[in-house]
Amino acid sequence: MGEPVAIVVFDGDCGLCNGFVAWLIRRDRRRRFLIAGSAGAPGRAVLEAGGLPASIAASSLVVWDGKTAALRSDAVARVTAGLPWPWRAGMVLRAVPRRMRDAVYDAVARRRPRRPAEDPACGTPPPGLVQEWRSRLASVEDARRLPQLSAGA
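Residues numbered from 1 in each chain as written. Predicted model: local features only at pLDDT ≥ 70, side-chain atom pairs only at ≥ 80, totals over all residues. Heavy atoms only, no water.

Named according to an unreviewed UniProt entry, the protein chain is DCC1-like thiol-disulfide oxidoreductase family protein originating from Demequina lignilytica.

Rendered as structure tokens:
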């Protein structure tokens, strides 16, 4: 495994977001993505590094690669592009105009299940994935280091 290439910031109190992160962890065998709940210091550090307001992660998935922050449907496409086949095929989402993709993303986000997380800064890992989930949690240092790693790539 090499260095992580991005940090996924998600709403730890969102059932759909937690499900997406669990899906990601199960498929990201190369451990290219770290995760951070938007309510914790690492999540806030990523948003700050990306020049984004803290409130953005309450309604949008954010993927920070050290250079740019992808939001909403662009974030989903960026994650799928970083996964092995067949999941990488999800980057075909980019062929659909962003306005249309984001309209669907927003409609789903408005109806997403809310549930109190064990810890909103970390989300709620499903049983059987707790150890792997916790090993993927980004630190504030990871958020600061990522731009340096992406500059060397």
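A.B. asks: Sorry, what's going on with the pairing of strand β1 (residues 6-10) here?
C.D. replies: Regular strands place side chains that alternate from one sheet face to the opposite one. Where burial is concerned, most of β1 is hidden: 5 out of the 5 residues are buried. Pairing of β1 with strand β2 (residues 33-37), which is carried by 5 bridges, proceeds in the parallel orientation. Bridge pairing in β2 places V9 opposite A36. For the handedness criterion, the β-α-β arrangement of β1, helix α1 (residues 15-27) and β2 is classed as right-handed. Where β1 and strand β3 (residues 62-64) come together, 3 bridges link them in antiparallel fashion. (Buried < 20%, exposed > 50% of the residue type's maximum accessible area, 1.4 Å probe, protein only. Helix = DSSP H or I, 4+ residues; strand = E, 2+ residues; numbered from the N terminus. Pairing = 2+ DSSP bridges. Right-handed = clockwise from strand over helix to strand, strands pointing away.)

A.B. asks: In this structure, what is going on with the pattern of salt bridges? I would like to understand it.
C.D. replies: One side chain can pair with another of opposite charge once the charged atoms of both are near each other. Under the definition given, this model contains 9 salt bridges. Salt-bridge contacts for D65 lead to R78; the nearest nitrogen and oxygen are separated by 3.5 Å. Pair noted here: D65 is in the loop between β3 and β4 (69-71) and R78 is in helix α3 (residues 72-81), with a separation of 13 residues, a long-range link. Note that R72 and D102 form a salt bridge whose closest N and O atoms lie 3.7 Å from each other. (Salt bridge = Lys/Arg side-chain N within 4 Å of Asp/Glu carboxyl O.)

A.B. asks: Please clarify how the packing of aromatic side chains should be interpreted in this entry.
C.D. replies: In this description, a pair of aromatic rings is defined by centroid distance and the angle of the planes. With the rule as written, the count across this model stands at 3 aromatic pairs. Here F10 and W133 contribute two aromatic rings whose centre-to-centre distance is 6.1 Å and whose plane-to-plane angle is 85°, an arrangement assigned as edge-to-face. Of this pair, F10 sits in strand β1 while W133 sits in helix α5 (residues 130-135); the two residues are 123 residues apart in sequence, bridging distant segments of the chain. By relative accessible area, which is 1% here, W133 ends up buried. Ring plane angle 25° and centroid distance 5.7 Å describe the contact between F20 and W23, whose orientation is recorded as stacked. Within this pair, F20 and its partner W23 are both found in helix α1, separated by 3 residues, close to a single helical turn. Classification of W23 as partly exposed rests on a relative accessible area of 22%. Taken together, the ring pairs in this structure connect F20, W23 and W87 into an aromatic cluster. Against the face of W87 rests R27, its NZ or CZ located 4.8 Å from the ring centre. (Phe/Tyr/Trp six-rings, centres within 6.5 Å; stacked < 30°, edge-to-face > 60°. Lys NZ or Arg CZ within 6 Å of the ring centre and 35° of its normal.)

A.B. asks: Teacher, can you tell me more about α1 here?
C.D. replies: Every α-helical turn comprises 3.6 residues, leaving residues that sit three or four positions apart pointing alike. Compared with the 18 Å implied by 1.5 Å per residue over 13 residues, the 19 Å span of α1 between its first and last C-alpha is a close match. When we look at burial in α1, the residues that qualify are G15, C17, N18, F20, V21, A22, L24 and I25. Close packing links the buried residues of α1 with β1, β2, α3 and α5. (Expected span 1.5 Å × (residues − 1). Contact = heavy atoms within 4.5 Å.)

A.B. asks: Would you take a moment to explain helix α4 (residues 98-110) for this structure?
C.D. replies: Spanning 13 residues, α4 covers 18 Å between terminal C-alpha atoms, matching the ideal 18 Å at 1.5 Å per step. Within the span of α4, buried status applies to R101, D102, Y105 and A109. Down the axis, α4 shows its buried residues gathered within 90° of arc, on one side only. Exposed side chains of α4 directed beyond 90 degrees from the buried face belong to R99, M100, V104 and R110. (Arc of directions from axis to C-beta.)

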